[in-house]
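# Report on the structure
Here are the chains, one letter per residue:
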Amino acid sequence: MKRRGAGERGGPEGKEIMVRLNLRQSTRSIYLGLACVSLTLHLLLALFCLSVLQSACVLPTSSSSSVPRIDPVSHAASSSSSSSAASNKQANSRQHGDRHKPSVGGTFENEGNDSFSEDLERARKLIGVGKVSPAERGRAKLQELFKHPLYNLPRPKLQEDDWLLRLKTDAEAEDIEKEEKANRDSATSDSDWQSGSEEEGYDKVTWTRDEETHPPWLRFHLGISRWELYDRKDLNLAQLTHYLATQRILGAVQKKGGTQLKLLVSFPNYGQALLKPMRQSRDAETDVNLFYFSDFERHNAEIAAFHLDRVLGFNRIPPVVGRLINVTTEIRDVTTDERLSRTFFTSPAGNVCFYGQCEYYCSAEHPVCGRPHALEVSLATMLPDLSLAPRRSWRSPWRRSYSRTKLAQWEKDAAYCDTVKKTPPYNRGSRLVDLIDMAVLDFLMSNMDRHHYETFEEFGNETFLLHLDHGRAIRRSTLLRLRLLSRPDFRLSDVMRESLAQDPLTAVAPLLAEPHLSALDRRLATVLAAVQTCQDGNEDVVYNDLDEHDDQQLGENP
C-alpha cells in the first residue's frame, strides 16, 4: 500500500522536478552568456580608451631626439650683424601692419628631424590646456582703441632733464677718460664703444652715437623719460620683445632678494632679463582662503600685467615676453651659480627639475620642471643698473599688515586718506593720483601684495611710479579710459585677448583662460561703481589732468 501510494505520488512530482532542473540549467546558461558578452564589451571599450589616451598624451622619451633646443634668430647666418639686420627687419614688418606670427624662441632641432609644429603640438598636449573660445570676429578692437583720442593726447616736449639717461658728449667722455686714467685702446676718437673679444659667447660689437648701432635693450634704457618707461608708438618696443623671445641665452644665475624663485639671464649683446618660470597651469585659480602672498608667482601673470598696463595707457611696467626654453641647455648647462646648480634633479617621470634657494616654495616638494626639458618662462626687460639710475623704494601707505590677527591702519581709520594727503610726498605733485592708478592696476589683476613701490631718484617727486613685482582721487584721464574699456566696442577682456595674442607663448596656448579674462570685466565694473559711489558723496574725487581738452575732443558725450 505504501509503495504503491508513493509511486503514484512520485510520477508527476518527478516530472515537475526534472522540468525545474532543466529551466535552472537554461537560465544559468543564458546568464553566463550575457556575462561573457558584457565582459567582452567592457574589454573592448577599455582597449579603445587606452589607445585614445596614449595617442593624445604620449610623453617624449629622454633621448636627444626629443630635446628642444632654442637657437638664435638667424641660425643660418654666421655674423652678428646679419642677425641684427634680420631681427630689425622682422620687427619693422610687424610695425607696418603685418600680423605677428608668434615664434617660440627660434627653431627646434633634433636627431629625428621632427618639424617645429610637431614639437609645438606635443608641448601643447603636455601642458594640457583646454579649449578657449576664439576672439570676436571683425575689426581689431585693440587697434581701434589705440586710435582713440584718449590714447593720443598731446604731450609737452621733453626737455633735456626729462630723460633718465643720455649719451655723453665728446668733451664729457674725454674728461672722464682723463680722470679715470683708464686704458682705452679700443675706444675711438668719437667715443665709440667696442667689445674687446668674443670670449664666453658675447658678440663683438661697436656702439657709436648712432642709434642704429645700439641693441634694443640699450635703446629702451635711453628712451625712459620722466613720465613713462616707453612710448607706446616707439618702433623699438616690437624689436625689444622680439629680442627677448629669440636671443640665445648665455648664462643664468639666481637673482638675490625676493621671496620666490627668479633667475637673471644674459644674452650675447650684453643684455639681461629677469626670468620667472611656469609653476601652475594657465587655468589654475587661486584658492580664496590663501593668505595674500601664499600663492605661486605666475609667469603668465607677469606677461598679462605688462599688456594690461599698456592697455590702460600707463606704460610703467617694463616690457615682458613669454618664451619656451630648454631647461637643460639654457639653464642647467650654462649656469655659474653653484647654489642653483646643485638643486637640479631628474624626476621619476623623467623630467629635468630644479628648485633653487628662496624663502617660499624653493624645495624638492615644489620643483620647477621641464616636460621633459621644455619649460615656459616669462622674460622681463631689466631697468638700467642702479649705479647709472638709482631708484628709491617707498613703503605704500596702503600696504597690508601681514598679520593674521591685526588690521592695517587704513582698514580701521576712516580719516586715513585725509592724513595721507597732508603727508609728504603725497601733499604735492602727482604722487597721490599715481598711487591711485597703481591701485586700479593692482585690483584689476588681483595683486594684493603691493607693499612698496619705486621711483627714479633722478626725477625726485615729479615722476611716475614704477609698477614693479606686481586715496580718494583718480585722474580724469584714467577714469575716462576705464569707462571706455567698459563699453562693448572696447571691452577690456576683448582688447586684452587681442594684445596677449601677440606674445610668442600664444603659439602654445592662450596666456589667460577665459574665466581670468571675464574677471577683468567684472573687476572693472567694481572699480567704476566705487568711483561713482565716491562722486555721489564727495566733490573732490576726480583730479582733472585734462583741463585743455573738452569732452567732444576726448570722444565723450557732453
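Residues numbered from 1 in each chain as written. Predicted model: local features only at pLDDT ≥ 70, side-chain atom pairs only at ≥ 80, totals over all residues. Heavy atoms only, no water.

An unreviewed UniProt entry annotates the chain as Extracellular serine/threonine protein kinase FAM20C-like of Xiphophorus maculatus. Its UniProt record gives the chain the following Cofactor (unreviewed entry) comment, quoted word for word: "Mn(2+)". Per its UniProt entry, the chain bears the Sequence similarities (unreviewed entry) comment "Belongs to the FAM20 family." (UniProt positions renumbered as here; feature names shortened; annotations may be inferred.)

## Let's talk about the overall build of the chain
Of the regular secondary structure elements, the chain holds 16 helices and 14 strands. Here the chain holds 558 residues, and the buried ones make up 42% of them. With an accessible surface of roughly 30,900 Å², the chain has 52% of that area assigned to carbon and sulfur atoms. (Helix = DSSP H or I, 4+ residues; strand = E, 2+ residues; numbered from the N terminus. Buried < 20%, exposed > 50% of the residue type's maximum accessible area, 1.4 Å probe, protein only. Areas by Shrake-Rupley, 256 points an atom, 1.4 Å probe, with all protein chains shown as cover.)

## Some details on the confidence of the model for the chain
Summary statistics for the chain give a mean pLDDT of 77 and a share of 70% for residues scoring 70 or more. Confidence drops under a pLDDT of 50 for residues 52–117, and excluding neighbours within four residues, the segment shows 90 contacts in the predicted structure. Low confidence marks residues 186–191, where pLDDT is under 50. Its contacts with residues over four positions away, or in another chain, come to 9 contacts. (pLDDT = per-residue confidence, 0-100. Contact = heavy atoms within 4.5 Å.)

## Observations concerning the packing of helix α8 (residues 299–311) against helix α15 (residues 492–500)
One way to put it is that α8 packs onto α15 with a least axis distance of 10 Å and a crossing angle of 120°. Classified by the interaxial angle, the pair formed by α8 and α15 is oblique. The way α8 lies across α15 gives a crossing that is right-handed. Across from Ile 303, Ala 304, His 307, Leu 308, Arg 310 and Val 311 in α8, the residues of α15 making contact are Leu 492, Val 495, Met 496, Ser 499 and Leu 500. Class assignment of the residues belonging to the contact of α8 with α15 gives a composition of 8 nonpolar, 2 polar and 1 charged. (Axes fitted to C-alpha atoms, helices over the stretch in contact; angles between N-to-C directions. Parallel < 35°, antiparallel > 145°, perpendicular 65-115°, else oblique. Left-handed = near helix turned anticlockwise from the far one by under 90°. Nonpolar A, V, L, I, M, F, W, Y, C, P; charged D, E, K, R; others polar.)

## Describing empty space enclosed by the protein
Vacant regions in the atomic arrangement are exposed by a probe of water-molecule size rolled over the atoms. The space that makes up the second largest cavity amounts to roughly 30 Å³. Lining the second largest cavity are Gln 260, Leu 261, Lys 276, Pro 277, Arg 279 and Glu 297. Per-class residue counts for the lining of the second largest cavity are 2 nonpolar, 1 polar and 3 charged. (1 Å grid on protein atoms, 1.4 Å probe; cavity = no way out; pocket = protein on both sides within 12 Å on 5 of 7 lines; lining within 4 Å. Points joined across faces, edges and corners; volume = space filled by probe spheres on them.)

## Comments concerning the sheet that holds strand β10 (residues 374–381)
Strand order in the open sheet formed by 5 strands is β3-β4-β5-β10-β6, with antiparallel pairing between adjacent strands. With partners counted over all chains shown, the strands left at the sheet margins are β3 (251–254) and β6 (320–326), one partner each. Within the sheet, the average angular offset between the axes of one strand and its neighbour, ignoring direction, is 35°. The pairing of strand β4 (residues 263–266) with strand β5 (residues 272–277) spans 4 bridges and is classified as antiparallel. (Pairing = 2+ DSSP bridges.)

## Some details on the side chain of Thr 335
As for its position among the elements, Thr 335 is in the loop between α9 (328–332) and α10 (338–341). A distance of 3.1 Å separates a polar side-chain atom of Thr 335 from the backbone nitrogen of Asp 337. Sequence-distant contacts of Thr 335, defined by excluding residues within four places in its chain, comprise Ala 252, Val 253, Leu 340 and Ser 341. (Polar contact = N/O pair within 3.5 Å; in protein donor to acceptor, adjacent residues only side chain to side chain.)

## Examining the nonpolar core
Membership of the largest hydrophobic core comes to 90 residues, with the highest contact counts inside it found for Leu 145, Ile 331, Phe 354, Phe 456, Leu 485, Leu 492 and Met 496. One finds Trp 394, Tyr 416, Tyr 426 and Met 438 within the second-largest nonpolar core, a separate group that totals 8 residues. (Core = buried A, V, L, I, M, F, W, Y, C linked by side-chain atoms within 4.5 Å.)

## Topic: the pairing of β4
Covered by surrounding structure in β4 are Leu 263 and Val 265 together with Leu 264 and Ser 266, the residues of both alternating faces. Bridge analysis of β3 against β4 gives 4 bridges, and the strand direction is antiparallel. Looking at β4, one finds that Gly 251 is bridged to Ser 266. Linking two consecutive strands that pair antiparallel, namely β4 and β5, is a turn of 5 residues; a positive phi of about 75° is found at Tyr 270 within it.

## What about a nonpolar patch on the surface?
There is a patch of nonpolar side chains on the surface, built from Ile 30, Tyr 31 and Leu 34 and spanning about 360 Å² of accessible area. Judged by its relative accessible area of 57%, Tyr 31 is exposed. (Patch = residues over 30% accessible without salt bridge, like charges linked within 9 Å, V, L, I, M, F, W, Y side chains within 5 Å. Salt bridge = Lys/Arg side-chain N within 4 Å of Asp/Glu carboxyl O.)

## As for the side chain of Glu 228
Residue placement: Glu 228 occurs in the loop between α6 (216–222) and α7 (236–246). Within polar-contact distance, the side chain of Glu 228 engages the side chain of Asn 315 at 3.2 Å.

## Observations regarding the UniProt feature "active site" (unreviewed entry) in the chain
Look at the UniProt record and you will see "active site" (unreviewed entry) annotated at Asp 449. Tracing the sequence through the fold places Asp 449 in the loop between α13 (431–444) and β12 (452–456).

## Description of the UniProt feature "binding site: ATP" (unreviewed entry) in the chain
Within this numbering scheme, the UniProt entry marks Gln 260, Lys 276, Glu 297, Ala 380, Thr 381, Met 382, Leu 383, Glu 454 and Asp 469 as carrying the feature "binding site: ATP" (unreviewed entry). Within the annotated group, the residues that form the lining of the second largest cavity are Gln 260, Lys 276 and Glu 297. As for its position among the elements, Ala 380 is in strand β10. A residue is classified by how much of its surface remains accessible, and Ala 380, at 15% relative accessible area, is buried.

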